[in-house]
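So you can see what is in the structure, the chains are spelled out below.
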Amino acid sequence: MSVPMLKIGAVLSTMAMVTNWMSQTLPSLVGLNGTTISRGGTSERIALYPSPEEGWQIYSSAQDADGKCICTVVAPAQNMCNRDPRSRQLRQLMEKVTAPRSKEMLNRLRGPDGSMRHLNSHIELKDKVNQLLPLLPVLEQYKADAKMILRLREEVRNLSLVLMAIQEEMGAYDYEELRQRVLLLETRLHSCMQKLGCGKLTGVSNPITVRASGSRFGSWMTDTMIPSSDNRVWSMDGYFKGRRVLEYRTMNDFMKGQNFVQHLLPHPWAGTGHVVYNGSLYYNKYQSNIIIKYHFRSRSVLVQRSLSGAGYNNTFPYSWGGSSDIDLMADENGLWAVYTTIPNAGNIVISRLEPQSLEVLQTWDTGFPKRSAGESFMICGTLYVTNSHLAGAKIYFAYYTNTSSYEYTDIPFHNQYSHISMMDYNPRERVLYTWNNGHQVLYNVTLFQVIKTSGD
C-alpha cells in the first residue's frame, strides 16, 4: 500500500508552539507514549516507531537555514483513516502551520490601508494591456504610411524643381507676343473653316453630355452667325409661357452654372425652336404665329412679324408635342423657319427669312408630315428630319432646297436619354445642339465636303 508524504513548513516564531504540540500529540498519533523530543543545536530529531498495522510514521523534525521548522510525516491512505481522530488532529496542525504564511502573502497584496487596491490595480493594468494589443497592427500601418509620405514629399520636391525650370524657360517669351500668336492662329483657323464648302451629312458622332440641368424640355444655343467671336451660351428652360433667358459668358461657365446674367423677355415664348443669330434671339411668341427678334445688348424687341398661315398652339407640332409648331434655325445660308400650314395639309414647310425684317424670302413644301417628325435641323440649305424623338431615332428624311428635291436617309445616332425636345445645327461650330430629357448634349457631324481653293 502506498502512503502519501506530507511536508509542512512554518516560520521560526511558531516552532515552540509546534514542538510543544508535537510532544503531546504525535505520540498519541502513532500510539507510542514513550516518544521524546530533544531541542539541542539547530535541529531536533524525533524517533517514533509506529505500529505497522496503523501506518503512521514520523521520520524527523528539523530547522532549515531560514529558520523554518520542517517535519516529515507519513500517513496512511485516506480510505484507511476517514474516521481516525488522528487524521483530524493532523489537519488542524497543517492549518496552524500554513495559516501564517497565507496571511503574509495576503498582506503583501493589500495596500497600506488594508484594501485590495494593489490587486485591483494589477487587474486593471492587465485589462488595459489587453485592449492595446489590437492596436499593434495599426501602429505598423502608420509606420508604412509614414514611409510613403516621405516618398511622396520627395516626389513633390522633384516636381517643383521641374516646374521651376519650365517657368524659367517660359519666362523667355513675352506674354503679349504669345497672345498675338494665339490670335493669329485663330484667324487662320476661321479662314480655313470658310474655305470648307457645304456638304452632305453622312454621319453623327456619339453624344457628348455637357451638363444636366433644367426640366425635361428646353433649349440651349450659341450664336450661329459666321464669322463670330461671341462665346456666350444661352439657356431657355421649358416649352411654353417662359420668359427667363440665362446668358453665360462662356461654355465653361455654362458647364459649371456660373457667371450668368438673366434676360426677362417682354413676351413669353412657345415651343423650343429658338435660335440666336448675330446677337439677337428669334423666338415664337406664345399662343400666336408671331416671330419676335429680341436684341440681347439693348434688351429690347427690334422687330416682330406674323408668319402667315403658320399653325401654332399645338396645331402642327413635332411628335413630342410641346407647342413645337414653329421651329426657327440657322445654317451657312442664313435664317430659316420650319412650320406647317392648313393648306399644306400638315406637311413641313420651309421658309427662308430676312434677318432684319423677318420677311419671308422663299418657301418650299417638303411633303413630309410634321407630326411624324421627331425634330429637324438645317445644314447647308438641306433640311434633315428625324423619325422620332425617342430611343432608336435616326435621321430619316432630307430635303434639298437648292434642287427642291428630297430623299429618305438612314443615318443613326445615339439618343442617350430617350427624349429629345430640341435639335439645332450650329454652322460656326459644326455641331448639333440637343436638349435631351434635362441634359444638354452635343453631337459632332460628318459632312461630305468640297474644299474651295483661293482661286475659286
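Residues numbered from 1 in each chain as written. Predicted model: local features only at pLDDT ≥ 70, side-chain atom pairs only at ≥ 80, totals over all residues. Heavy atoms only, no water.

## A closer look at the overall build of the protein chain
When helices and strands are counted, the protein chain shows six helices and 25 strands. Restricting the contact set of the protein chain to residue pairs at least 6 apart, pairs at least 24 apart contribute 51%. Per element, the accessible surface of the protein chain, about 25700 Å² overall, is 54% carbon and sulfur. (Helix = DSSP H or I, 4+ residues; strand = E, 2+ residues; numbered from the N terminus. Contact = heavy atoms within 4.5 Å. Areas by Shrake-Rupley, 256 points an atom, 1.4 Å probe, with all protein chains shown as cover.)

## Quick notes on the packing of aromatic side chains
Per the counting criterion, the structure on display carries 20 aromatic pairs. Considering the side-chain rings of Trp-234 and Phe-296, the 4.9 Å spacing of their centres and the 15° angle between planes classify their relative orientation as stacked. Here Trp-234, found in strand E8 (residues 233-237), pairs with Phe-296, found in the loop between strand E13 (290-295) and strand E14 (300-306); they are 62 residues apart in sequence, far enough to count as distant. Like Trp-234, the residue Phe-296 is buried in the burial classification. Where Phe-377 meets Tyr-384, the ring centres are 5.8 Å apart and the plane angle is 25°; that geometry is what we call stacked. Comparing Phe-377 with Tyr-384, the two get one shared label, buried. (Phe/Tyr/Trp six-rings, centres within 6.5 Å; stacked < 30°, edge-to-face > 60°. Buried < 20%, exposed > 50% of the residue type's maximum accessible area, 1.4 Å probe, protein only.)

## Thoughts on the pattern of salt bridges
Once the charged atoms of two side chains with opposite charge are near each other, the side chains can pair. Scanning the entire structure with this criterion turns up five salt bridges. Here Glu-407 and Lys-200 are joined by a salt bridge, their closest N and O atoms 3.0 Å apart. Here Lys-200 lies in strand E5 (residues 196-204) and Glu-407 lies in strand E22 (residues 405-412), a separation of 207 residues in the sequence. Residue class for Lys-200 comes out partly exposed when judged on its relative accessible area of 40%. In this structure, Arg-232 and Asp-230 form a salt bridge, with 2.7 Å as the shortest nitrogen-oxygen distance. Judged by its relative accessible area of 10%, Arg-232 falls in the buried class. By relative accessible area, which is 15% here, Asp-230 ends up buried. Each of Asp-230, Arg-232 and Glu-247 takes part in one network of salt bridges that share partners. (Salt bridge = Lys/Arg side-chain N within 4 Å of Asp/Glu carboxyl O.)

## What to know about the sheet that holds E8
Sheets are built from strands that pair by backbone hydrogen bonding, the pairs being arranged parallel or antiparallel. Strand order in the open sheet formed by four strands is E7-E8-E9-E10, with antiparallel pairing between adjacent strands. Looking along the sheet, the strands with just one partner apiece sit at the ends: strand E7 (218-222) and strand E10 (260-270). Within this sheet the neighbouring strands show an average axis-to-axis angle of 20°, counted without direction. Pairing geometry for strand E9 (residues 240-248) and E10, over seven bridges, is antiparallel. Each bridged residue has a counterpart across the sheet, and for Tyr-248 the counterpart in E10 is Phe-260. (Pairing = 2+ DSSP bridges. Axes fitted to C-alpha atoms, helices over the stretch in contact; angles between N-to-C directions.)

## Comments concerning the side chain of His-263
Structurally, the position occupied by His-263 is in strand E10. Among the polar contacts listed, one links the side chain of His-263 to the side chain of Glu-247, at a separation of 2.7 Å. At 3.2 Å, the side chain of His-263 and the side chain of Arg-299 are in polar contact. Excluding anything up to four places from it in sequence, His-263 contacts Arg-243, Arg-244, Val-245, Glu-247, Tyr-294, Phe-296 and Arg-299. (Polar contact = N/O pair within 3.5 Å; in protein donor to acceptor, adjacent residues only side chain to side chain.)

## Observations concerning the nonpolar core
Within the largest apolar cluster, 20 residues are counted, with the highest numbers of intra-cluster contacts made by Leu-201, Phe-377, Ile-379, Ile-395 and Phe-413. Among the secondary structure elements, those contributing two or more residues to this core are E5, strand E19 (376-379), strand E21 (394-400), strand E23 (420-426) and strand E25 (439-451). The greatest single-element share of this core, amounting to four residues, is contributed by E25. Among all residues touching Leu-201, those that are not within four sequence positions of it are Phe-377, Ile-379, Tyr-384, Ile-395, Ile-411, Val-445, Thr-446 and Leu-447. (Core = buried A, V, L, I, M, F, W, Y, C linked by side-chain atoms within 4.5 Å.)

## Considering the sheet that holds strand E11 (residues 275-277)
One open sheet holds the four strands; their spatial order is E11-E12-E13-E14, and the pairing between them is antiparallel. Every other strand in the sheet has two partners, leaving E11 and E14 as the edge strands with one partner each. Put simply, the sheet's adjacent strands are angled 25° from each other on average, direction ignored. As paired elements, strand E12 (residues 280-284) and E13 share five bridges and run antiparallel to each other. Residue pairing for E13: Leu-281 is matched across the bridge by Tyr-294.

## Comments concerning the environment of Gly-257
Among the secondary structure elements, Gly-257 is positioned in the loop between helix H6 (251-256) and E10. In this structure, the C-alpha to C-alpha distance between Gly-257 and Ser-213, residues 44 residues apart in sequence, is 9.0 Å. Among residues more than four places away in sequence, those in contact with Gly-257 are Arg-211 and Tyr-248.

## Looking at the state of the cysteines
Enumeration over the complete set of coordinates arrives at one disulfide. Between the sulfur of Cys-198 and that of Cys-380 lies a disulfide, 2.5 Å long from S to S. On the S-S bond that ties Cys-198 to Cys-380, the torsion sits near -85°, and the link is left-handed. Taken as a pair, Cys-198 in strand E5 and Cys-380 in the loop between E19 and strand E20 (382-386) lie far apart in primary sequence, 182 residues in all. (Disulfide = S-S within 2.5 Å.)

## A closer look at unusual backbone geometry
Of note in this structure, Gln-287 is not a glycine but carries a positive phi near 55°. Note on placement: Gln-287 falls in the loop between E12 and E13. The residue Ala-345 is not glycine, and still its phi comes out positive at about 60°.

## Some remarks on the pairing of E12
Across the five residues of E12, five count as buried, placing the element largely inside the fold. Residue alternation in E12 divides its side chains into two sets, Ser-280, Tyr-282 and Asn-284 and Leu-281 and Tyr-283, and both sets are buried. Connecting E11 to the next strand, E12, in antiparallel fashion are two residues, including Asn-278 with a positive phi near 55°. Joining the antiparallel neighbours E12 and E13 is a turn of five residues, in which Gln-287 adopts a positive phi near 55°.

As far as function goes, none of this settles anything; it's purely spatial.
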